[in-house]
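This is what each chain is made of:
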Amino acid sequence: MSLSTLTHTAAAAATAVGSGKSLSPASPAAKSVVRLPRTRPLAPAAASAAPAAVHADFAEDRVSALSQVSGVLGSQWGDEGKGKLVDVLAPRFDIVARCQVRDEMRFVFFFLGTQHKAVSISSIILLSTILLQGGANAGHTIYNSEGKKFALHLVPSGILHEGTLCVVGNGAVIHVPGFFGEIDGLESNGVRCDGRILVSDRAHLLFDLHQAVDGLREAELENSFIGTTKRGIGPCYSSKVTRNGLRVCDLRHMDTFGDKLDVLFKDAASRFQGFQYSKNMLKEEVERYKRFAERLEPFIADTVHVLNESIQQKKKILVEGGQATMLDIDFGTYPFVTSSSPSAGGICTGLGIAPRVKAYTSRVGSGPFPTELFGEEGDRLRKAGAEFGTTTGRPRRCGWLDIVALKYCCQINGFSSLNLTKLDVLSGMSEIKVGVSYNQADGQKLQSFPGDLDILEQVQVNYEVLPGWQSDISSIRSYNELPQAARRYVERIEELVGVPVHYIGVGPGRDALIYK
């Protein structure tokens, strides 16, 4: 199961970090376990004369309660199932915008009710259809009504809905060849993109040279590598911060484009011996981007103006976040983080608008993972949940739901509701653990999620153990029809986190969603 803050089972062995030291122990950390008794089954709900109609009405009521500007963000380390939720919600919104890279955890969280002036991001669902920040280093996997699979990296997940306008915001970084590759793939499968996607003229361009630098940087770090996807996201944001990056609007000024790109090439060549650069390379790249500029022009817009005008016109906007809070450059498990801010604050900076959460946890790459599972248990979760990266195919590390990390993410983002995904993956387990608190190596209880990785890698996780369920729940669409143990698991999460679960995923399909 996944919430934007759930953790997936770990890879078979932890990745070595730093001076050969692993941030994840070779075996699960010492832990204390509290077993919760099985409670008596709830009395069966009264049969409804029209259960399908009642379910549809409840779902509509739940979605209609979302505010004008709503966001879906990741509350763990990514892979929470944000893309599916955005796809389900998109038909109720006029615009779906992306502000970050895609890659989050299995628990998706909604935060509702944060209001400021005229705009209220009252529903930050931990996912969004506006690309706020980030690039194509991670993906969202969604299925259309016919069950066809689509893997999206830059194009917002709302693209499968004909009436939805998709926006890639100023906080994103754009690899133009990859962007057109996604569009070509969508259109070859009957998805019309013309006139339906806007790209911010302020977004930064990610070049192949950034990808080359990303690989050289990882190789240079040797055993201390961060575990990036080598898609060039970090180096591109580095160019942005050092103020020598190129933006989408620079494609409209090809007379100076080459000089600016030359600075980037020279900077990379001076920094890395393995980076080969020549004037002929520059000439070829400029000619290539002249062709891209012509094709990209119809997509380019001042998205800050478009979005704020849309808000004034009372249009509904769904913001699609990428990555997750625990990968936030400021609030995540630094340095094992992404290069942008995939938490609530990134919506404002990544889109230029003023302010007004899996059943288990997973993460890809290196970094601390307190509730990580190893061996057969981890393999079972990974296989049952198809926990392999959309972009790289790398196996995700999986583990029990980490309440400490989840509560931390809820505090950072102000979530008002959660989307618990992949609950069906836990079917068949005799018991299910939930990490409820951390102790330091000396036994002292930690009061919050630590920012010090030396402390985090040594924490002892205290678990509660809940009874599991044996039946297949993938066809269930009503909360009251779930096994009593499954309901108990959901409700215990609500009790521990203090945020209600409103959406429960029980399969990969668009309709495999329970509204609670």
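The rules behind these values
- Within each chain, residue numbers correspond to sequence positions counted from 1 in written order.
- Local features in a predicted model are, by the rule used here, given only for residues with pLDDT of at least 70; side-chain atom pairs are given and counted only at 80 or more, and totals for whole chains, interfaces and linings are based on all residues.
- The side-chain numbers reported here are obtained from all heavy atoms of the structure, hydrogens and water having been left aside.
- UniProt positions are given in the numbering used here, feature names are shortened, and annotations may be inferred rather than shown by experiment.
- The salt bridge criterion pairs a side-chain nitrogen of Lys or Arg with a carboxyl oxygen of Asp or Glu, the two atoms within 4 Å.
- Put simply, DSSP H or I for four residues or longer makes a helix, DSSP E for two residues or longer makes a strand, and each gets a number counted from the N terminus.
- Here's how the labels work: a residue is buried when its accessible area is under 20% of the maximum for its type, exposed when over 50%, partly exposed in between, all with a 1.4 Å probe on protein chains only.
- To define a nonpolar core, start from buried Ala, Val, Leu, Ile, Met, Phe, Trp, Tyr and Cys residues and group those joined through side-chain atoms within 4.5 Å.
- Any two residues whose heavy atoms approach within 4.5 Å at even a single point are treated as in contact.
- In a helix, the anticipated span is given by 1.5 Å times the number of residues less one.
- Under this scheme, a helix contributes an axis fitted over its contacting stretch, all axes are lines through C-alpha atoms, and angles between N-to-C directions fall in the 0 to 180 degree range.
- Note on angle classes: values under 35 degrees are labelled roughly parallel, values over 145 roughly antiparallel, values of 65 to 115 roughly perpendicular, and the remainder oblique.
- A clockwise turn of the near helix away from the far one marks a right-handed crossing, whereas an anticlockwise turn of less than a right angle marks a left-handed crossing.
- Charged means Asp, Glu, Lys or Arg here, nonpolar means Ala, Val, Leu, Ile, Met, Phe, Trp, Tyr, Cys or Pro, and polar covers whatever is left, Gly included.

The protein chain carries the name Adenylosuccinate synthetase, chloroplastic in an unreviewed UniProt entry, which gives Digitaria exilis as its organism. Regarding the protein chain, the UniProt comment filed under Catalytic activity (unreviewed entry) reads as follows: "IMP + L-aspartate + GTP = N(6)-(1,2-dicarboxyethyl)-AMP + GDP + phosphate + 2 H(+)". UniProt's Sequence similarities (unreviewed entry) comment on the protein chain is quoted here verbatim: "Belongs to the adenylosuccinate synthetase family."

Here's the deal with the pattern of salt bridges
If you walk through the whole model with that rule in mind, you get 18 salt bridges. For the salt bridge of aspartate 262 with lysine 266, the shortest nitrogen-to-oxygen distance reads 3.1 Å. Here the residue aspartate 262 and the residue lysine 266 both occupy positions in helix H6 (residues 254–271), the gap between them amounting to 4 residues, near one helical turn. Under the relative-accessibility criterion, aspartate 262 is labelled buried at 10%. According to the relative accessible area criterion, lysine 266 is partly exposed, its value standing at 45%.

Side note on the nonpolar core
Judged by nonpolar contacts, the single largest core of 68 residues is most densely connected at Leu423, Tyr438, Phe449, Trp469, Leu482, Tyr489 and Ile504. Grouped together as the second largest cluster of nonpolar side chains are 43 residues, Cys166, Phe179, Leu282 and Phe299 included.

A short note on the side chain of serine 239
Inspection of the secondary structure assignment puts serine 239 in helix H5 (residues 233–241). In contact with serine 239, other than residues within four places in its own chain, are His210, Asn244, Gly245 and Leu264.

Regarding helix H3 (residues 176–188)
Taking 1.5 Å of rise per residue, 13 residues should cover 18 Å, and H3 covers 18 Å from first to last C-alpha, within 8% of that figure. Buried within H3 we find Val176, Pro177, Phe179, Phe180, Glu182, Ile183 and Leu186. Next to the buried residues of H3 lie strand E12 (149–152), strand E13 (165–174), strand E14 (197–200), strand E15 (204–205) and helix H7 (279–296).

Examining the packing of helix H4 (residues 208–221) against H6
Put simply, H4 and H6 touch, their axes get as near as 11 Å, and they point 15° apart. When the axis of H4 is compared with that of H6, the two are roughly parallel. Regarding H4 and H6, the two cross each other, and that crossing is left-handed. The residues of H6 that touch H4, namely those facing Leu209, His210, Val213, Arg217 and Glu220, are Leu261, Leu264, Phe265, Ala268 and Arg271. Taken together, the residues of the contact of H4 with H6 break down into 6 nonpolar, 1 polar and 3 charged.

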